[in-house]
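# Examination of the molecular architecture
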Amino acid sequence: MERKYFGTDGVRGAVGEFPITPEFVLRLGFAAGKVLAKKSSRRVLIGQDTRISGFMLQSALVAGLSAAGIKSILVGTMPTPAIAYLTRAFRCDAGVVISASHNPYYDNGIKFFSGFGTKLPDEVELEIESLLDKELKCSDSKKLGRFENIEDAAGRYIEFCKSTFPFDKDLSQYKIVLDCANGATHHIAPAVFSELGANIVAKIGCNPDGININDQVGSTHLDKLIATVLEKKADLGIAFDGDGDRLMLVDSDGTVIDGDGVLYIIASYLKDFKKLNGGVVGTLMSNFGLELAFKRLSIPFLRASVGDRYVLEKLREQNWRLGGENSGHIISLDHTSTGDGIISALQVLKALVRTGKTLHESLKGLSMMPQVLVNKRFVEGMDPLHDQNVLAAVKEAERQLGDNGRVLLRKSGTEPLIRVMVEGADKELVTNLANMIAEKV
C-alpha cells in the first residue's frame, strides 16, 4: 500500500493548506488514537517547536485524540529528540512532535514516535492512513480522553542530556557560541552546556517570536555563527535546527563541520577507545571522502537511503550503534533512540576532552571531496527523475567524472524538490556538471 499522507518524516506542508489544516489534524489525531487505543496506557505525549501555528494544531490534535479516548500528555515547547526520550520516560504509547524542522515558520508538520522513542513502523503509519477517510465517530462522553500538562519536562530532558557526558569531566576549558535557530532548543541547550561548565560567550537565535524560527539562523544559515565565533575568539560554535534533531559545528577559524565531520570525530574516538561496536552507517549523500577515511581506519561503512529512519533501519540490520547524515542528523544508539543535536554535540566535546585535541586536530585524516548540491523545484505530478533529457545529462556527467566522482538525483521527502548532487575531485567540474543537470530538471 502506497503512502498518501506520511512522508519520510511525518505529515508536513504549508499551514492552512491541506493537509496542515485544523480539520485534517483533528482527523489525524482521531485515526492515530483509534490505532493506539489497542495499546496498554492509552496515553500520547505531545510537544511542539516555536512556530505560531503549533498551538492551533496542538488543539486540533488533542481534540482528535480525545474523541478516540486517548489521554494527551502536553510538555510544551521541546526539541524533537526530547519527545522521543520523554515518551519512553513516561511509558506512553506514542509521542507526537508538531514541527517542520528546518523549514520556515509558515510550514508545519506532525511527527510520530513509537512508545520506544523511534519513528513509527511503516505498517502503523499505513494503518493510521487507512482510517483517515472513514467516518469520525466520537467516543462515548464517559470514555473521552483527558489531557495533562507536565511542568518539569525541560528539566528532565536537560538532566538526560547531561548524563551522556562523563561525570568526571567538564567543559570549563571551552568558549562556545550557541545558535538555537529561534527554535525548540532555545531554553534547553544554554542550560545543558552552561551547567556542564562551558563559557557561553554568545547566544544566537534564542529569542523565538513564533515566526523567526530558522530565519537566517540555525544549522541551515551559519553566517551569523561563523562571524560571532571569529569575533568572540571562541573555541567552537554549535548550531541546531528548529526542532533540535540536527547540528552543525564551526571551528575557531570559521570552518564549518557538517554531519560527516561529526560522524568522523565520534567514530574515530570510539574506535581508539574500543567502544565503536561495529561500523558506521551514512547515507547516499555522505561525502566519498568520509568513506575513504573510514576505510583507512578499518571502520566498516555502509550507506542507507536519505532520511534518519533509514539510517536507523540499517543500524538495526547490522546491530551497529552509530550513524547519521551530512545534514547533521546523528544517531548514537548508545545514548538515545533518534537524532539529537545536543547529545551529538556533547559526544564530540567528550572526544575532545578525553583526547586533548582541538576540533581541527580531530579532523586530521578526513579529506572531503568537493560536493555540490543544487535544489530544483518541480511541478507536482511531473517526474523529472525519468525524463530522457535529465537521464542523458546524468550519463554525460558520469562519463566526465569517470571513477573520480558520482552523481545522485533524488526527490526530497518533505518538499517538491529534486536534489541534484555531484561529487568529484575537481570542484569547478563538479559545479558545472551539477548546474548542467539542474537546468535539465
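Computed from a prediction, not measured in an experiment: that's the story for all the values here.

### Side note on a nonpolar patch on the surface
On the surface, a cluster of nonpolar side chains totalling about 390 Å² of accessible area is made up of Ile52, Tyr105, Tyr106 and Ile211. Looking at the element boundaries, Tyr105 is found in the loop between strand S4 (94-98) and strand S5 (107-114). On the basis of relative accessibility, which here comes to 33%, the residue Tyr105 falls in the partly exposed class.

### Structural notes on the sheet that holds strand S17 (residues 405-411)
Here three strands make up an open sheet; going across it, the order is S16-S18-S17 and the pairing antiparallel. Single-partner strands in this sheet number two, and they are strand S16 (371-377) and S17. Strand after strand, the sheet turns through a mean of 15 degrees between neighbouring axes, direction not considered. Note that S17 and strand S18 (residues 417-424) share seven bridges and pair antiparallel. Each residue of the ladder has a partner; that of Val407, found in S18, is Val422. Those strands touched by helix H14 (residues 427-440) are S16, S17 and S18, and its axis lies near 155 degrees from that of S18.

### Considerations on helix H8 (residues 259-272)
Taking 1.5 Å as the rise per residue, H8 with 14 residues should run 20 Å; its terminal C-alpha atoms sit 20 Å apart, in good agreement. Within H8, twelve of the 14 residues are buried, which leaves it mostly tucked inside the rest of the structure. Among all positions of H8, only Gly259, Asp260, Gly261, Val262, Leu263, Tyr264, Ile265, Ile266, Ala267, Ser268, Tyr269 and Leu270 are buried. Backbone nitrogen of Asp260 and a side-chain oxygen of the N-cap are separated by 3.0 Å at the start of H8; the cap is Asp258. Positive phi shows up at Lys274, right after H8, with a value of about 55 degrees.

### A closer look at the sheet that holds strand S6 (residues 147-149)
Sheets are built from strands that pair by backbone hydrogen bonding, the pairs being arranged parallel or antiparallel. Taken in spatial order, the six strands line up as S1-S5-S4-S2-S3-S6 in an open sheet, and their pairing is mixed. Single-partner strands in this sheet number two, and they are strand S1 (11-14) and S6. Adjacent strand axes in the sheet meet at a mean angle of 20 degrees, parallel and antiparallel pairs treated alike. Here S4 runs beside S5; their pairing, made up of five bridges, is antiparallel. From the neighbouring strand, Val97 faces S5, where its bridge partner is Lys111. Each of S1, strand S2 (43-48), S4 and S5 touches helix H1 (residues 22-36); the most contacted strand, S5, lies at about 5 degrees to it. Contacting S2, strand S3 (71-77), S4 and S5, helix H3 (residues 80-89) crosses the sheet at an angle of about 165 degrees to S4.

### Some points on the nonpolar core
If you look at the biggest cluster of nonpolar residues, it comprises 68 residues, and the most contacted ones within it are Leu171, Phe193, Ile238, Ile342 and Leu349. Among the elements that take part in this core, helix H11 (residues 341-355) stands out by supplying nine residues, more than any other. The next biggest cluster of nonpolar side chains, apart from the first, holds 32 residues, and it includes Leu28, Ala32, Ala37 and Ile46.

### Considering the environment of Leu312
The residue Leu312 is located in helix H10 (residues 308-318) in this model. Discounting chain neighbours no more than four positions away, the residues touching Leu312 are Thr118, Ile331, Leu333 and Ser337.

### Considering the pattern of salt bridges
Within the structure shown, the criterion is met by 22 salt bridges. Across the salt bridge formed by Asp152 and Arg156, the nearest N and O atoms sit 3.3 Å from each other. Owing to a relative accessible area of 41%, Asp152 belongs among the partly exposed residues under this scheme. Across the salt bridge formed by Arg246 and Asp241, the nearest N and O atoms sit 3.6 Å from each other.

### As for unusual backbone geometry
Cis rather than trans, the peptide bond between Phe18 and Pro19 has omega equal to 10 degrees. With respect to the element layout, Pro19 can be found in the loop between S1 and H1. Despite not being glycine, Asn319 has its phi angle at roughly 60 degrees, a positive value. When you line up the elements, Asn319 lands in the loop between H10 and strand S14 (322-324).

### Concerning the packing of helix H13 (residues 388-401) against H14
It is the contact of H13 with H14, at a shortest axis distance of 8 Å, that shows an interaxial angle of 170 degrees. One finds that H13 runs roughly antiparallel with respect to H14. For the pair H13 and H14, contact is made by Asn389, Val390, Ala393, Val394, Glu396, Ala397, Gln400 and Leu401 and by Leu429, Val430, Leu433, Met436, Ile437 and Lys440, respectively. For the contact of H13 with H14, the class distribution of residues is ten nonpolar, two polar and two charged.

### A few points about the side chain of Ser219
For Ser219, the position within the fold is in the loop between strand S8 (199-204) and helix H7 (223-232). The contacts of Ser219, once residues within four sequence positions are left out, are Ala239, Phe240, Asp241, Arg246, Leu247 and Met248.

### A few points about the packing of aromatic side chains
Describing an aromatic ring pair means giving the distance of the ring centres and the angle of the ring planes. One pass over the structure, following the stated rule, counts eleven aromatic pairs. With centroids separated by 6.0 Å and ring planes inclined at 55 degrees, the aromatic side chains of Phe6 and Phe112 adopt a geometry described as tilted. Here Phe6, found in the segment before S1, pairs with Phe112, found in strand S5; they are 106 residues apart in sequence, far enough to count as distant. Look at Phe6 and you get buried, because its relative accessible area is 4%. Take Phe112: its relative accessible area is 5%, and that puts it in the buried class. Between Phe294 and Phe301, the aromatic rings sit 5.7 Å apart at their centres with planes inclined by 40 degrees, giving tilted as the arrangement. Judged by its relative accessible area of 14%, Phe301 falls in the buried class.

What counts as what
- Residues numbered from 1 in each chain as written.
- Predicted model: local features only at pLDDT ≥ 70, side-chain atom pairs only at ≥ 80, totals over all residues.
- Heavy atoms only, no water.
- Patch = residues over 30% accessible without salt bridge, like charges linked within 9 Å, V, L, I, M, F, W, Y side chains within 5 Å.
- Areas by Shrake-Rupley, 256 points an atom, 1.4 Å probe, with all protein chains shown as cover.
- Salt bridge = Lys/Arg side-chain N within 4 Å of Asp/Glu carboxyl O.
- Helix = DSSP H or I, 4+ residues; strand = E, 2+ residues; numbered from the N terminus.
- Buried < 20%, exposed > 50% of the residue type's maximum accessible area, 1.4 Å probe, protein only.
- Pairing = 2+ DSSP bridges.
- Axes fitted to C-alpha atoms, helices over the stretch in contact; angles between N-to-C directions.
- Contact = heavy atoms within 4.5 Å.
- Expected span 1.5 Å × (residues − 1).
- Polar contact = N/O pair within 3.5 Å; in protein donor to acceptor, adjacent residues only side chain to side chain.
- Core = buried A, V, L, I, M, F, W, Y, C linked by side-chain atoms within 4.5 Å.
- Parallel < 35°, antiparallel > 145°, perpendicular 65-115°, else oblique.
- Nonpolar A, V, L, I, M, F, W, Y, C, P; charged D, E, K, R; others polar.
- Phe/Tyr/Trp six-rings, centres within 6.5 Å; stacked < 30°, edge-to-face > 60°.

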